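Take a look at the letters that make up each chain.
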Amino acid sequence: MSGTHSSLPAPIARVWEPLRERSRSKRALLLMAPLLVFELLLFVAPFLILLRISLTSGSQDLRYAAGTWSLEGYAEVLSSGVLQDAILYSFKLGLIATGITVSIAVFYAYAIWRAEGAIKSALLFSVILPLLTTLVVKTYAFRPLLSPTGTVNDLLLSLNLVSEPIQFVPGTIGVIVGQVYIVLPYAVLAIYSVLSTMDWGIVEAARDLGASRPRSVLEIVVPQAMPGIIVATVISFAWSVGAYAAPGLLASQRVPFAIEVEKRLLSNLQWEIATAYAVIMLLLMAASIGVLTVTLNRFGGEFEYA
Amino acid sequence: MHRETVENVAFRAGYLAILTFMLLPLAVVVATSFEASGQLLFPPENYSLVHYRTFFEETTWLSAFDNSLLVGTGTTVVATTLGVTAAFGHELDDGRTGQLLAPLVLVPLLIPPIILGISMRVYFVRAGLNASFLSIILAHTLWATPLVYFVMRSVFSRFDWQLLDAAKDLGAGPIQSFAYAVLPNVKHGIFVGALLAFIVSLQEFVMALFLSSHSTETIPVVAWTALRQSLDPMVSVVSTFLILISIVAIVAATVATNLEWLSKQLS
């Protein structure tokens, strides 16, 4: 094996040597290398190119002027009301959808954890099946259900709860319902996987000491499940802010980031703006995910898992 | 009524309502595929199999099915190979390279697929791979590999490593000892990981939308394009098939392991 690395091309050897020194075994590194190379080639490299294009200046007849350096794209994003409006709308959708998703997910994960036998299997099945079904399918089903002439409105009208049909779809309510439906299975499973390692005895002890059932859940179960809740929040938030399918099928006039950026890239061919827009969005997302995680960590701090 | 009874009733009503919410859209999809007219109505007014017959006559959908199958198989092979080898390597040695690998593999899952789609489109145009099956397979692998990787990490962490040492003591080489000592114990995990990779690829559409041309469109991409024009029961027919595939996959994975373990792996 010692002969192989001397024959490596110089640039590869430069990367390889420090990695090799840090690993305890060469064989382990060789096994991890394909995935590392894959991630570098298909994730890091494309992202660096995206970053580079965001720093070029616009071009009349091409998608962007290669080889130029300019902050035009960023200036355009920071001065355009339409683009900022789409980001604001995305974050609004993200926060509302995340709040609803995580609250429902905590409850449902708890129900699955407490259920037994056939009910437990049915509840788990109801989470896994939508998880494995394509976004497109999951989302468009809400159109016949929530449109002004749809099933839900028929039901509300016949019960005399409303006097006129409500337009959930197309509209913001429809987008939120669709988005909650998309991320809920992931959130439930993230929380459930933490709950299932928890000892029911602690909750029982709290109840023996006089805590009511809702209180025992809020004060014992929720803090213990915090690692799962954090994962659920981060996933729900990241995917809802970047949502494309639900707004694409269920939104009305106001569009979020994903739809707007697609328009700039494909119809308007303004690549320097589209890429700068994407970079700004990623920075904002990273910052808000950081804030969310730190905030939630405070609530679960005392019960931190080893 | 006694307070506990009220709580019990509310609790049960709560989770049954969510159960309904989870399954209702899928029920709508299946039911509307049997609608006789050309509109998407729920519940259907007249039942018929007319759209199923049209499905088997339309080449667009059938070739999309072939494309999806090809991309799914490619993704499964690449993602499973990368995920299993890396998880195995990480288990042998969790030095600093391993600590670097886990977040690097995880981050693409949190980035909006639309941004990944854009960056890869730009990248593949430069690499001359634009609109090829390979580009979609590689993009899907980026999403499928984390799942395989984390499933395999959890499988390998339960594996008794003394077996590997025993195999070596008995004179087996690295490949032989992996094939005879490790593989039989982790094959269910590999199967579930591969199945997840296939399903992820089958269902993913945002990246596929950005990377496909007319001849490489997968089912979700065709369905998306069709839906943006009109609501057509044909999409429900296709979706019913997709749901059936998912059910078969869940049953297969449950037989190989069990439902509870599978649920924990998916998170």
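Everything quoted here is computed from the prediction, not taken from an experiment.

### A few points about the overall build of chain B
Right, so step 1: Within chain B, the secondary structure is distributed over twelve helices and zero strands.
Right, so step 2: Considered along the principal axes of its C-alpha atoms, chain B spans approximately 70 × 70 × 30 Å.
Right, so step 3: The buried share of chain B, taken over its 267 residues, is 53%.
Right, so step 4: Contacts in chain B between residues at least 24 apart in sequence constitute 75% of all its contacts with a sequence separation of at least 6.
Right, so step 5: When the accessible surface of chain B is split by element, carbon and sulfur atoms take 64% of a total near 11,500 Å².
Right, so step 6: Once the 12 positive and 17 negative side-chain charges of chain B are each reduced to a mean point, those two points are 6 Å apart.

### Side note on empty space enclosed by the protein
Over the atoms rolls a probe the size of a water molecule, and in doing so it shows where empty space is left.
Right, so step 1: One pass over the structure, following the stated rule, counts three cavities of 30 Å³ or more.
Right, so step 2: Around the largest cavity, the lining comprises eleven residues; the ones closest to its centre are Leu132 of chain A together with Leu195, Leu196, Ala249 and Ala253 of chain B.
Right, so step 3: Contributions of two or more residues to the lining of the largest cavity are made by α8 (174-203), α11 (233-256) and α12 (259-266) of chain B.
Right, so step 4: Of the residues forming the lining of the largest cavity, the biggest block, four residues, is contributed by α8 of chain B.
Right, so step 5: Classifying every residue of the lining of the largest cavity gives eleven nonpolar, no polar and no charged.

### Observations concerning the UniProt feature "transmembrane region" (unreviewed entry) in chain A
Residue and element names in this part refer to chain A.
Right, so step 1: Residues annotated by UniProt as "transmembrane region" (unreviewed entry) correspond here to residues 29-53, 86-110, 122-146, 166-195, 216-239 and 274-296.
Right, so step 2: With 100% helix and 0% strand, the stretch residues 29-53 has end C-alpha atoms that lie 33 Å from each other.
Right, so step 3: Along residues 274-296, the helical share is 100% and the strand share 0%, with 33 Å between the first and last C-alpha atoms.

### Re the interface of chain B and chain A
Right, so step 1: Taken together, the contact between chain B and chain A spans 88 residues of the former and 90 residues of the latter.
Right, so step 2: Interface area for chain B against chain A, summed over the two sides, is near 8,300 Å², with a carbon-plus-sulfur share of 79%.
Right, so step 3: Among the residues chain B hides against chain A, the three largest losses belong to Met22, Thr97 and Tyr123 of chain B. Together they make up 8% of the total.
Right, so step 4: Where chain B meets chain A, there are one salt bridge.
Right, so step 5: A salt bridge links Arg213 of chain A to Glu7 of chain B, with the nearest nitrogen and oxygen atoms 2.8 Å apart.

### Side note on the domain arrangement of chain A
Residue and element names in this part refer to chain A.
Right, so step 1: According to the domain assignment, chain A consists of domain 1 (1-54) and domain 2 (76-303).
Right, so step 2: Between the C-alpha centres of domain 1 and domain 2 the distance comes to 37 Å.
Right, so step 3: In this complex, domain 1 contributes five residues to the contact, which on the side of domain 2 involves six residues.
Right, so step 4: Approximately 480 Å² of surface area, both sides summed, lies buried where domain 1 meets domain 2, with 87% of it carried by carbon and sulfur atoms.
Right, so step 5: Seen at the junction of domain 1 and domain 2, the total is zero salt bridges.
Right, so step 6: Viewed at the interface, domain 2 and domain 1 are joined by one residue pair in polar contact (both at pLDDT 80 or more).
Right, so step 7: Of the residues belonging to the side of domain 1 that touches domain 2, the class tally is four nonpolar, one polar and no charged.

### So, helix α5 (residues 113-127) of chain B
Residue and element names in this part refer to chain B.
Right, so step 1: Between its first and last C-alpha atoms α5 spans 20 Å; for 15 residues at 1.5 Å apiece the expected length is 21 Å, and the two agree.
Right, so step 2: In terms of residue burial, α5 counts as a mostly covered element, since eleven of its 15 residues are buried.
Right, so step 3: Regarding α5, the residues found buried are Pro113, Ile114, Ile115, Leu116, Gly117, Ile118, Ser119, Met120, Val122, Tyr123 and Phe124.
Right, so step 4: Phi turns positive one or two residues past the end of α5, at Gly128, with a value near 75°.

### Things to note about the packing of aromatic side chains
Right, so step 1: In this structure the tally under the stated criterion is 26 aromatic pairs over all chains.
Right, so step 2: Where Trp113 of chain A meets Trp200 of chain A, the ring centres are 5.6 Å apart and the plane angle is 75°; that geometry is what we call edge-to-face. With a gap of 87 residues between them, Trp113 of chain A in helix α5 (residues 81-114) and Trp200 of chain A in helix α11 (residues 200-208) connect regions that are remote in the sequence.
Right, so step 3: Ring plane angle 35° and centroid distance 5.4 Å describe the contact between Tyr244 of chain A and Trp224 of chain B, whose orientation is recorded as tilted. Here Trp224 of chain B lies in helix α10 (residues 219-229) and Tyr244 of chain A lies in the loop between α13 (226-241) and α14 (245-250), a pairing that spans two chains. Here Tyr244 of chain A matches Trp224 of chain B in class, with each residue buried.
Right, so step 4: Within the aromatic cluster, the residues linked to one another by ring pairs are Phe107, Tyr110, Trp113 and Trp200 of chain A together with Phe11 and Tyr15 of chain B.
Right, so step 5: Taking the ring centre of Trp69 of chain A as reference, the NZ or CZ of Arg52 of chain A above it sits at 3.6 Å.
Right, so step 6: When the ring centre of Trp200 of chain A is taken as origin, the NZ or CZ atom of Arg114 of chain A, which lies over that ring, is 3.4 Å away.

### Focus: the pattern of salt bridges
Right, so step 1: According to the stated counting rule, one finds six salt bridges over all chains in the structure shown.
Right, so step 2: The partner of Lys263 of chain A in a salt bridge is Glu260 of chain A, with the nearest N and O atoms 3.8 Å apart. Of this pair, Lys263 of chain A and Glu260 of chain A both sit in helix α15 (residues 257-266), three residues apart, which is roughly one turn of that helix.
Right, so step 3: Here Arg153 of chain B makes a salt bridge to Glu91 of chain B, at a shortest N to O gap of 4.0 Å. Placement of Arg153 of chain B in helix α6 (residues 133-157) and of Glu91 of chain B in helix α3 (residues 59-92) is noted, with a sequence separation of 62 residues between them.
Right, so step 4: Under the relative-accessibility criterion, Arg153 of chain B is labelled partly exposed at 25%.
Right, so step 5: Exposure remark for Glu91 of chain B: the relative accessible area of 25% places this residue in the partly exposed category.
Right, so step 6: Among the ionic contacts, a cluster of salt bridges with common partners joins Glu260, Lys263 and Arg264 of chain A.

### Considerations on the UniProt feature "transmembrane region" (unreviewed entry) in chain B
Residue and element names in this part refer to chain B.
Right, so step 1: Here the UniProt-annotated "transmembrane region" (unreviewed entry) positions come out as residues 12-34, 69-88, 100-125, 131-152, 190-214 and 234-259.
Right, so step 2: Within residues 69-88, the helical portion is 100% and the strand portion 0%, while the C-alpha atoms at the span's ends are 28 Å from each other.
Right, so step 3: Here residues 100-125 is 92% helix and 0% strand, with 29 Å between the C-alpha atoms at its ends.

### Structural notes on the side chain of Thr275 of chain A
Right, so step 1: Along the chain, Thr275 of chain A falls in helix α16 (residues 271-300).
Right, so step 2: For Thr275 of chain A, the residues in contact, after removing those within four places along its chain, are Leu50, Ile53 and Ser54 of chain A.

### Describing the packing of helix α2 (residues 50-57) of chain B against α3 of chain B
The relative placement of two packed helices comes down to the angle between their axes together with the axis-to-axis distance.
All names here are of chain B.
Right, so step 1: One can describe the packing of α2 onto α3 by two numbers: an axis separation of 5 Å at closest approach and a directional angle of 70°. Judged on the interaxial angle alone, α3 and α2 are roughly perpendicular. When α2 is examined against α3, the residues Phe55, Phe56 and Glu57 are found in contact with a partner set consisting of Thr59, Trp61, Leu62 and Phe65.
Right, so step 2: Its residues assigned to classes, the contact of α2 with α3 shows five nonpolar, one polar and one charged.

About the criteria used
Residues numbered from 1 in each chain as written. Chains lettered and ligands numbered in written order. Predicted model: local features only at pLDDT ≥ 70, side-chain atom pairs only at ≥ 80, totals over all residues. Heavy atoms only, no water. Helix = DSSP H or I, 4+ residues; strand = E, 2+ residues; numbered from the N terminus. Buried < 20%, exposed > 50% of the residue type's maximum accessible area, 1.4 Å probe, protein only. Contact = heavy atoms within 4.5 Å. Areas by Shrake-Rupley, 256 points an atom, 1.4 Å probe, with all protein chains shown as cover. Lys, Arg positive; Asp, Glu negative; His and termini not counted. Charge placed at Lys NZ, Arg CZ, Asp CG, Glu CD. 1 Å grid on protein atoms, 1.4 Å probe; cavity = no way out; pocket = protein on both sides within 12 Å on 5 of 7 lines; lining within 4 Å. Points joined across faces, edges and corners; volume = space filled by probe spheres on them. Nonpolar A, V, L, I, M, F, W, Y, C, P; charged D, E, K, R; others polar. UniProt positions renumbered as here; feature names shortened; annotations may be inferred. Buried area = accessible area lost by both parts, 1.4 Å probe. Salt bridge = Lys/Arg side-chain N within 4 Å of Asp/Glu carboxyl O. Domains from an automatic or database assignment. Polar contact = N/O pair within 3.5 Å; in protein donor to acceptor, adjacent residues only side chain to side chain. Expected span 1.5 Å × (residues − 1). Phe/Tyr/Trp six-rings, centres within 6.5 Å; stacked < 30°, edge-to-face > 60°. Lys NZ or Arg CZ within 6 Å of the ring centre and 35° of its normal. Axes fitted to C-alpha atoms, helices over the stretch in contact; angles between N-to-C directions. Parallel < 35°, antiparallel > 145°, perpendicular 65-115°, else oblique.

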